[in-house]
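# Overview (structure and organization)
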Amino acid sequence: PIWSTLENALAVGAFIEEYDIADLRKLIAETQNADLKMVYTNLLKGSYNHIKAFSKVLASRGVTYSPKIISEQDFNEILK
């Protein structure tokens, strides 16, 4: 389908959140610093909320977002 500029922007936003999710998960796994883990975890929660919001608005416009970086299973878990 031909997407509007808004739909393209929403899809790019979702993609950026995927990228952030992957990076933050890696950073959490790599550090032993409790303060950093807390900060990264809070940022990760924000990215989860953002990708949910982007996906919800896309769905309301009849567009299904498919993840490009994280797995479909991870994506579906986040949307729950």
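Heads up: the structure comes first, above all this text.
One structure accompanies this document, and this report is about it. (Residues numbered from 1 in each chain as written. Predicted model: local features only at pLDDT ≥ 70, side-chain atom pairs only at ≥ 80, totals over all residues. Heavy atoms only, no water.)

### A word on the side chain of Thr31
Its location among the elements puts Thr31 in the loop between helix H1 (5-30) and helix H2 (34-60). When its relative accessible area of 12% is taken as the criterion, Thr31 is described as buried. Reaching out from Thr31, the side chain makes a polar contact with the backbone nitrogen of Asn33 at a distance of 3.1 Å. (Helix = DSSP H or I, 4+ residues; strand = E, 2+ residues; numbered from the N terminus. Buried < 20%, exposed > 50% of the residue type's maximum accessible area, 1.4 Å probe, protein only. Polar contact = N/O pair within 3.5 Å; in protein donor to acceptor, adjacent residues only side chain to side chain.)

### Overview of H2
When the terminal C-alpha atoms of H2 are compared, their 39 Å separation across 27 residues agrees well with the 39 Å that a helix rising 1.5 Å per residue should span. Along its buried surface, H2 packs onto H1 and helix H3 (72-79). Between a side-chain oxygen at the N-terminus of H2 and the backbone nitrogen of Asp35 the separation is 2.9 Å; the capping residue is Asn33. Looking one or two residues past H2, Gly62 carries a phi angle of roughly 80°, positive in sign. (Expected span 1.5 Å × (residues − 1). Contact = heavy atoms within 4.5 Å.)

### Remarks on a nonpolar patch on the surface
Among the surface-exposed residues, Val12, Phe15, Ile16, Tyr19 and Ile69 lie close enough to one another that they form a single nonpolar patch of about 440 Å² accessible area. Among the secondary structure elements, Ile16 is positioned in helix H1. Note on Ile16: relative accessible area 43%, which makes it partly exposed. (Patch = residues over 30% accessible without salt bridge, like charges linked within 9 Å, V, L, I, M, F, W, Y side chains within 5 Å. Areas by Shrake-Rupley, 256 points an atom, 1.4 Å probe, with all protein chains shown as cover. Salt bridge = Lys/Arg side-chain N within 4 Å of Asp/Glu carboxyl O.)

### Some remarks on the packing of aromatic side chains
Per the counting criterion, the structure on display carries one aromatic pair. For Lys68, the ring lying beneath its charged end belongs to Tyr65, and the centroid distance is 4.6 Å. (Phe/Tyr/Trp six-rings, centres within 6.5 Å; stacked < 30°, edge-to-face > 60°. Lys NZ or Arg CZ within 6 Å of the ring centre and 35° of its normal.)

### Notes on the environment of Ile70
Relative to the helices and strands, Ile70 resides in the loop between H2 and H3. Residue classification places Ile70 among the buried residues on the basis of a relative accessible area of 8%. For the pair formed by Ile70 and Val57, sequence separation is 13 residues and the distance between their alpha carbons is 20 Å. Non-local contacts of Ile70, meaning those with residues more than four positions away in its chain, are made with Glu18, Ile21, Arg25, Phe75 and Ile78.

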